[in-house]
Amino acid sequence: VSGRGEADIISTVEFNHTGELLATGDKGGRVVIFQREPESQTEPFSQGEYNVYSTFQSHEPEFDYLKSLEIEEKINKIRWLPQQNAAHFLLSTNDKTVKLWKVSERDKRPEGYNLKDEEGRIKDLSTVTSLQVPVLKPVDLMVEVSPRRVFANAHTYHINSISVNSDYETYMSADDLRINLWHLDITDRSFNIVDIKPANMEDLTEVITAAEFHPHHCNLFVYSSSKGTLRLCDMREAALCDKHSKLFEEPEDPSAHSFFSEIISSVSDVKFSHSGRYLLTRDYLTAKVWDLNMESKPLETYQVHDYLRSKLCSLYENDCIFDKFECAWNGSDSVIMTGAYNNFFRMFDRNTKRDVTLEASRESSKPRAVLKPRRVCAAGGKRRKDDISVDSLDFTKKILHTAWHPTENIIAIAATNNLYIFQDKLSSEMH
């Protein structure tokens, strides 16, 4: 699925809890929901195709007159609520405002009102001489999207994360310096649960980069920082969780210190494993898996694109070093996935320790096409056939946003303004 222009650049992708729906948000403030087609008896290859289910404008550009600031309409994050009836609910946020949307289907329409005519106008009561029972008539399926709640005016800084709690009643929103806890039914107040803003802004040394609730324990959440640390907080301990329960931090190797050390150690994403036992983080060059029971160092460290280590100077000059890559777990927590440049994305099998570089392209997304592994060779290194040189990587083609189906081998990859959905195409490299 592809779009054109700046407004179509995809800024977030998210499967719902069953994987039947997939939502994307873009820079133009739109949300597009895809629905998985049911399995067809006649066409076995059509099973699992995702087609557009609904498109709606979630956010509009705004202007903050007090600060003379434009507020972008770009959707920063989408999070689904677990389905509890026929309708679906999702939260979407831009830099300042979170909205709760209801997505529902209508395939019937009431007809035969006593007091209204077919156009819905009120009848002259003197003409009503008999009573009839209204009936439901079938009509073409309509998907209706309606805003149910608007959670505004709670963030001074830009919202980078939203996360629904496992109690399904509350959620949190995080900006650069604060995290707020909301009740899904209450829009006029939220509770500030983390505030790292120093009394004097000149003393500011770190910002919050991402935050997420634990998948099973409603009192636990984690947030990551630009200094490369993770803080696990327990809401049972205090109302304001400025004192963390656990601090996960890897001591820096003094011999490897450089001008770029602090920038590349900033954590761009953090995700709890489905089991709730592990944390997956992504910084500029690596993905790391942490055990909640071990704070001193990560359990596993995976090099995403180590060949860029010698290129940090030019990546700093073209601002790519500040790119925020996300990361994802597969359904069984055995494989992790994260994006890279040149429309490449990486997968690491935690059990076999195999890893693979794959490319999101028109060719690889055709039916029956298998994703072929790609290799990048470092500058001056020995090149094999089909190897790509570091110097020929396209840094404008970056895969920042990826999502993995909650139970199956289906992945969604946002490559700038194209969305690729790959199903069971992971070649034998990983299995």
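Residues numbered from 1 in each chain as written. Predicted model: local features only at pLDDT ≥ 70, side-chain atom pairs only at ≥ 80, totals over all residues. Heavy atoms only, no water.

The name that an unreviewed UniProt entry assigns to the protein is Serine/threonine-protein phosphatase 2A 55 kDa regulatory subunit B, with the source organism given as Nothobranchius furzeri. The record in UniProt for the protein states the following under Subunit (unreviewed entry): "PP2A consists of a common heterodimeric core enzyme, composed of a 36 kDa catalytic subunit (subunit C) and a 65 kDa constant regulatory subunit (PR65 or subunit A), that associates with a variety of regulatory subunits." You can read under Sequence similarities (unreviewed entry) in the UniProt record for the protein the words "Belongs to the phosphatase 2A regulatory subunit B family." (UniProt positions renumbered as here; feature names shortened; annotations may be inferred.)

Glancing now at the sheet that holds strand β15 (residues 208-213). Pairing within the open sheet is antiparallel, and its four strands lie in the order β15-β16-β17-β18. On the outer flanks of this sheet lie β15 and β18 (246-248), each paired with one strand and no other. Between one strand axis and the next, the sheet turns by 20° as a mean value, whatever way the strands run. (Pairing = 2+ DSSP bridges. Helix = DSSP H or I, 4+ residues; strand = E, 2+ residues; numbered from the N terminus. Axes fitted to C-alpha atoms, helices over the stretch in contact; angles between N-to-C directions.)

Residues Tyr284, Leu308, Leu315, Ile336 and Leu393 are the most contacted members of the largest nonpolar core, which totals 30 residues. Ala328, Leu358, Leu371 and Ile413 belong to the second largest nonpolar core, which has 16 residues in total. (Core = buried A, V, L, I, M, F, W, Y, C linked by side-chain atoms within 4.5 Å. Buried < 20%, exposed > 50% of the residue type's maximum accessible area, 1.4 Å probe, protein only.)

Residue position: lysine 288 is located in strand β21 (residues 286-291). Side-chain polar atoms of lysine 288 contact the side chain of glutamate 250, separated by 2.9 Å. Ignoring any residue separated from it by four or fewer positions in sequence, one finds lysine 288 in contact with Glu250, Leu279, Leu280, Thr281, Asp283, Pro298, Glu300 and Thr301. (Polar contact = N/O pair within 3.5 Å; in protein donor to acceptor, adjacent residues only side chain to side chain. Contact = heavy atoms within 4.5 Å.)

This paragraph deals with the pattern of salt bridges. According to the stated counting rule, one finds 27 salt bridges in the structure shown. With a closest N to O distance of 2.5 Å, arginine 30 and aspartate 8 form a salt bridge. Of this pair, arginine 30 sits in strand β3 (residues 30-36) while aspartate 8 sits in the segment before β1 (10-15), placing them 22 residues apart in sequence. Judged by relative accessible area, which is 25%, arginine 30 ranks as partly exposed. When its relative accessible area of 21% is taken as the criterion, aspartate 8 is described as partly exposed. Aspartate 107 is the partner of lysine 108 in a salt bridge, and the nearest nitrogen-oxygen pair spans 3.8 Å. With relative accessibility at 43%, the residue lysine 108 sits in the partly exposed group. (Salt bridge = Lys/Arg side-chain N within 4 Å of Asp/Glu carboxyl O.)

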